Structure formats: structure tokens, C-alpha cells
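Residue-level structural notes
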Amino acid sequence: MSREMYNEIDLAKINLNAEPPTEEPARQYYFMAKCREWVREFERKNGRLPCFFTQTFGCQMNARDSEKLTGILLQMGFAETEEETADFVLYNTCTVRENANQRVYGRLGYLNTLKKKNPHMMIALCGCMTQEPETVEKLKKSYRFVDVIFGTHNIFKLAELMWRRLTENRQVVEIWKDTEQIVEELPVERKFPFKSGVNIMFGCNNFCSYCIVPYVRGRERSRKPEDILDEIRRLVSEGVVEVMLLGQNVNSYGKNLDTPLTFAGLLRQVECIEGLRRVRFMTSHPKDLSDELIQVMKESGKICHHLHLPVQSGSSRILKAMNRRYTKEQYLELVDRIRAAVPDISLTTDIIVGFPGETEEDFQETMDVVRKVEFDSAFTFIYSKRTGTPAAAMEDQVEPEVVKDRFDRLLAQVQQISARVCARDLHTVREVLVEGPDDHMEGYVTGRLGNNTLVHFPGDPSLTGTILPVYLEESRGFYYMGSPLPVAGT
Ligand code: SAH
Ligand code: SF4
Ligand code: F3S
């Protein structure tokens, strides 16, 4: 793990007898210092540091939030552990599909049994699930043992909320409906030393009719380009070579800034950062993907030739009902334009099966898009009814057996194509960013190509974080076995 430092703020210099500051992030550093006092007291009494465990249930944006939460906990002096028996357990939840919620409730039941054995234990829940009023009602009523409940808009307040729990001694619940606020400059603990996610925007304005995200993440807010560029420069100075720019719809970045800037314009500036080697981004909404972006990708030496372009369905009729605002033909035409400019691009997608009213003909249109585009991979999902979204109230919900049958056929098709397409670089030399020792083979390391495909090859773990030329010797469906080339000058 690696710490991103904003340590101009020294917790030891904060006057804890003063009233808490009203400005952010000073206020949160004040509460971090308060909690650190509590941590010291805990250590004195128990002869060890209190430890924490976090689990992320959702997407990359949730994972990035968890890195921020972890940064705050470490700043307070807690020790991190991989054990759920920790003194502080924090679940960062997802509610995009019903099974994500079920997993959380399942884990909570288990935590309750652990809490009965460990009197120090504190349990906190945050993220997208807690933005839903029904969830909070349920937690208040039947999950009283959950100590702190907060949402997606106030994760930066973790220290303050924990302090309230410690002093008020009862369940603390604070959920904001929405926010305009973007609090910068809090501690962050990165999972990887050599690559990092970077939020460029929060929220979503698209309201696809099946999707809960706009309701739980609020309206679209873009970070200022200076803040994004400063963060990336700092990351690079700490050894990061690859960044993933994150947003629910990066293609609409910058529209609400005081001085508007397009996503392609932002990429041009990111590209100029010296020492940065690779740039990725997700997710791109097809309706907003501009020719300017295609041009920037074509000219760039750093933007990876990989695009995650969720299609959701191949049927124009269903796409309309989904409120995606493009047709099958427009999607295919966009793919053609991208491929004409960047021929070796690897395309991945998300597909939903069983949206209300989907017929076999609609489903065949989806299969047709899959065959025409030949995605490197596709995340396939069974439609999940989300209360409060327009699609949940639609008639013609499709029978589960029918959906399951379509889902199986789709998955088989996706996998068959993907095994063939992923082998396209076989017997060529490509640059690989080494991510660490191979989990399964002694003496091997694992890395990724620019298009995100995994490569395993003989090497020493000290190569982690470097970019090397590797000969792709053998394709094994979704990954390659390779051999490293001697690097000139070594
Ligand atoms: N902002 C991204 C998607 C975020 S959610 C985009 O627009 O592409 C990730 C994926 O979850 C979506 O692309 C969609 O395929 C899937 N998803 C969202 N809501 C869903 C639902 N109600 N049921 C099933 N899958 C869903
Ligand atoms: Fe959901 Fe659509 Fe927004 Fe993606 S663009 S987060 S699918 S509403
Ligand atoms: Fe899930 Fe929230 Fe991401 S609902 S997919 S964690 S934005």
C-alpha cells in the first residue's frame, strides 16, 4: 500500500481544546486528531493498536472511496487487517443490483455474531446502499448493532462521525441527499504503488431507466482540472505510472465547470504530465463520445488502446425504453469510427439481459451486436429491478427462466468471441506493466498490456511497477504466457 501525502497538516499541532473548525478539510483533520487520542488511549489500555477491516462491494469509484476511507483510518492511527474480526469493520456498499444488497445483509448477520464476542467492535456502513431511505429504515429497525451509517456524499466525514459514535454512544446516522461540495486534500491510501484511480467527476445525470446510480450518487459534478492535474502530478512523484480517470460518464466531464473544458481537452493536459506512462478512463457513455476524443486517442502516446463502451442492449426499441439515447445503428457506426482511427483498440462492454419487454427478437439484436463488434470481453448482467427507477414500474417484466436461458446463450457467445479476439497480439512484442508476483506460479510475475489483457512471464517481483517489452508466446484464452526481452542498455 502507498500513502498519498497531504501532510502539510500536522495532527500534533491541532488544538483539541478549541472548538472544531467549520472549514473543510481542517474540520476533518481536527476530528482525526481527536480520534487519534482515542486510539492512543485504546493502545494504553489493551497493549495493542485497534485494527480495522474494510470491504468494497461496488465499482471502481467505490474502490477509490475506500482508499480515501482507509487513508483517514490510518491517519488516526488504526492498524489495517485482513480479518473481519477487527475492532472497526467498514463496508462500502453497492446497490446497482439486488444481489449486491443481499451480500451485504448476509455479511452483517455474520458480523453481529462476531460483535457479541468482541465488545470493542464497531461496525460502519457507507456507500450507495445507505443512500436509499428503505435501507436506512431497515438498518435502524433491525440492525441496531451497526454503529455508524453514512452515505456517498459525506465519506470525507468519517472521522467526525466516528468521534460522534465514541462520544454519544449510540447509532449515528448521517445521510445527505445530494451535495455540491467536493472536499479535496484528505489522506488517501492506495492499493497499488504504481497505478491509481483518479476521480474526475462524481454523480450522474443520465437516468437510464433501469439504473439507481443517479439517485444514490447525486447530480454530475466535475472536479477542477487544476485539482485533477495536481493530484496526478503528486501521484507520479510518488511512483505511479498509470492512472485510471474515473466517472460514471467521463465523456460529459467539464460541462458544469466555471470555465468549461471537454474530456478530450482534459486528456490532452493529463498527457503532458512528465513521468506518467499510461492513461485509462471509464466509463464512456456512447451518446457523448466525441470525435475530438477519438482524435486525442489516435494522437496520444499514453492513452491505452482500450475503451469500455457499455452497449446495454442491441435492440433500438429496448435502448429507447432504457433511455440510453442512441440506437443500435448509431452504436455500430461509432464503433466503426473508433476502429478506423485506432485499429488495435480493444473494446469491452456491459450488457443487460431481460429488461422489461425484451422479446426474443430484441435479444437476437443484442447477439447480433456482440457478433459484429467482437468485444474483448463483456460484463453480462441479468436485469435487476431497482425500486424507484422508471423501469421497475414497467409492465412486461420478463420471466426469470426466459432471462436465464438468454443469459446463458449470451455468455457462451461472448466467451467464444473473446477467446479468439484476445489472442490477436499473439507472437508480437508488447509493453507490459508488471503488477506483482504471479499468485499461482513460483518465479513468475503478472502484468497488463495497454489493452488490459493479463500476461504472465518469468520474472522477479522487484520488477513490479516497471513497463517492459514482453514477447507474447502463447495465448490461453483470456491471458498470455510471455517471455521478457532483454532491455537495451542492461
Ligand atoms: N455509468 C456506467 C455504468 C455504471 S453501473 C455506464 O453508464 O455505462 C455498471 C453496469 O451495471 C451498467 O453498465 C449496467 O450494465 C449494469 N446495471 C445497472 N443497473 C442495472 C440493473 N438494474 N440491472 C442489471 N444491471 C444493471
Ligand atoms: Fe447508470 Fe446510465 Fe448513469 Fe451509467 S449513465 S450510471 S447506467 S444512469
Ligand atoms: Fe454500485 Fe454505487 Fe458503483 S451502486 S456500481 S457502487 S456507483
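Our structure is the block above this text.
All of the points below concern the structure found in this document. These numbers were taken from a predicted model, which means no experiment stands behind them. (Residues numbered from 1 in each chain as written. Chains lettered and ligands numbered in written order. Predicted model: local features only at pLDDT ≥ 70, side-chain atom pairs only at ≥ 80, totals over all residues. Heavy atoms only, no water.)

Moving on, we come to the packing of helix 7 (residues 225–237) against helix 8 (residues 263–271). Contact pair helix 7 / helix 8: the axes reach a minimum separation of 10 Å and the direction vectors enclose 30 degrees. With respect to helix 8, the axis of helix 7 lies roughly parallel. Note on packing geometry: the crossing formed by helix 7 with helix 8 is right-handed. Contact residues: helix 7 offers Pro225, Ile228, Leu229 and Ile232, while helix 8 offers Leu266, Gln269 and Val270. Looking at side-chain class alone, the contact of helix 7 with helix 8 contains 6 nonpolar, 1 polar and no charged residues. (Axes fitted to C-alpha atoms, helices over the stretch in contact; angles between N-to-C directions. Helix = DSSP H or I, 4+ residues; strand = E, 2+ residues; numbered from the N terminus. Parallel < 35°, antiparallel > 145°, perpendicular 65-115°, else oblique. Left-handed = near helix turned anticlockwise from the far one by under 90°. Contact = heavy atoms within 4.5 Å. Nonpolar A, V, L, I, M, F, W, Y, C, P; charged D, E, K, R; others polar.)

All right, on to the site of ligand 2 then. Every residue near ligand 2 is listed here: Cys204, Asn206, Phe207, Cys208, Tyr210, Cys211, Val213, Pro214, Gln248, His285 and Arg324. Each residue belonging to the shell around ligand 2 can be placed in one class, and the counts come to 7 nonpolar, 3 polar and 1 charged. (Near = heavy atom within 4 Å.)

Another point: helix 3 (residues 98–117). One turn of an α-helix holds 3.6 residues; hence residues three or four places apart share an orientation. Here helix 3 contains 20 residues, and its C-alpha end-to-end distance of 30 Å stays within 8% of the 28 Å for a straight helix at 1.5 Å per residue. Along helix 3, the positions that sit buried rather than exposed are Ala100, Asn101, Val104, Tyr105, Leu108, Leu111, Leu114 and Lys115. Of the surrounding secondary structure, the elements contacted by the buried residues of helix 3 are strand 4 (88–93), strand 5 (122–127) and helix 4 (133–142). (Expected span 1.5 Å × (residues − 1). Buried < 20%, exposed > 50% of the residue type's maximum accessible area, 1.4 Å probe, protein only.)

As a further point, take the pattern of salt bridges. Charged atoms that come close allow side chains of opposite charge to pair. Scanning all chains against the criterion turns up 43 salt bridges. Taking the shortest distance from any N to any O, the salt bridge between Lys13 and Asp10 comes out at 3.9 Å. Residue Arg165 is joined to Asp147 by a salt bridge in which the shortest nitrogen-to-oxygen separation is 2.8 Å. On the criterion of sequence distance, the pair formed by Arg165 in helix 5 (residues 158–168) and Asp147 in the loop between helix 4 and strand 6 (148–150) is long-range, its members being 18 residues apart. Salt bridges linked by common partners bring Arg27, Lys157, Glu160, Arg164, Glu168, Arg170 and Glu174 together as one network. (Salt bridge = Lys/Arg side-chain N within 4 Å of Asp/Glu carboxyl O.)

In the neighbourhood of ligand 3, the contacting residues comprise Gly58, Cys59, Asn62, Cys94, Thr95, Val96, Cys128, Arg217 and Gln248. Considered class by class, the residues forming the shell around ligand 3 number 4 nonpolar, 4 polar and 1 charged.

Turning to the packing of aromatic side chains, a few remarks are in order. In this structure the tally under the stated criterion is 14 aromatic pairs. A centroid spacing of 6.1 Å and a plane angle of 25 degrees characterise the contact between Trp38 and Phe78, whose relative ring orientation is stacked. Highlighted residues: Trp38 in helix 1 (residues 26–46) and Phe78 in the loop between helix 2 (60–76) and strand 3 (79–80), separated in sequence by 40 residues. We classify Phe78 as buried; its relative accessible area is 4%. With a centroid separation of 5.0 Å and an interplanar angle of 80 degrees, the aromatic rings of Phe263 and Phe281 are classed as edge-to-face. On the criterion of sequence distance, the pair formed by Phe263 in helix 8 and Phe281 in strand 13 (residues 278–282) is long-range, its members being 18 residues apart. One exposure class covers both Phe263 and Phe281, and it is buried. An aromatic cluster is defined as three or more aromatic residues linked by ring pairs; in this entry it consists of Trp38, Phe42, Phe78 and Phe88. Above the ring of Phe381, the side-chain terminus of Arg97 is found at 3.7 Å from the ring centroid. In this structure, Lys195 is placed above the aromatic ring of Phe192, and the distance from its NZ or CZ to the ring centre is 4.8 Å. (Phe/Tyr/Trp six-rings, centres within 6.5 Å; stacked < 30°, edge-to-face > 60°. Lys NZ or Arg CZ within 6 Å of the ring centre and 35° of its normal.)

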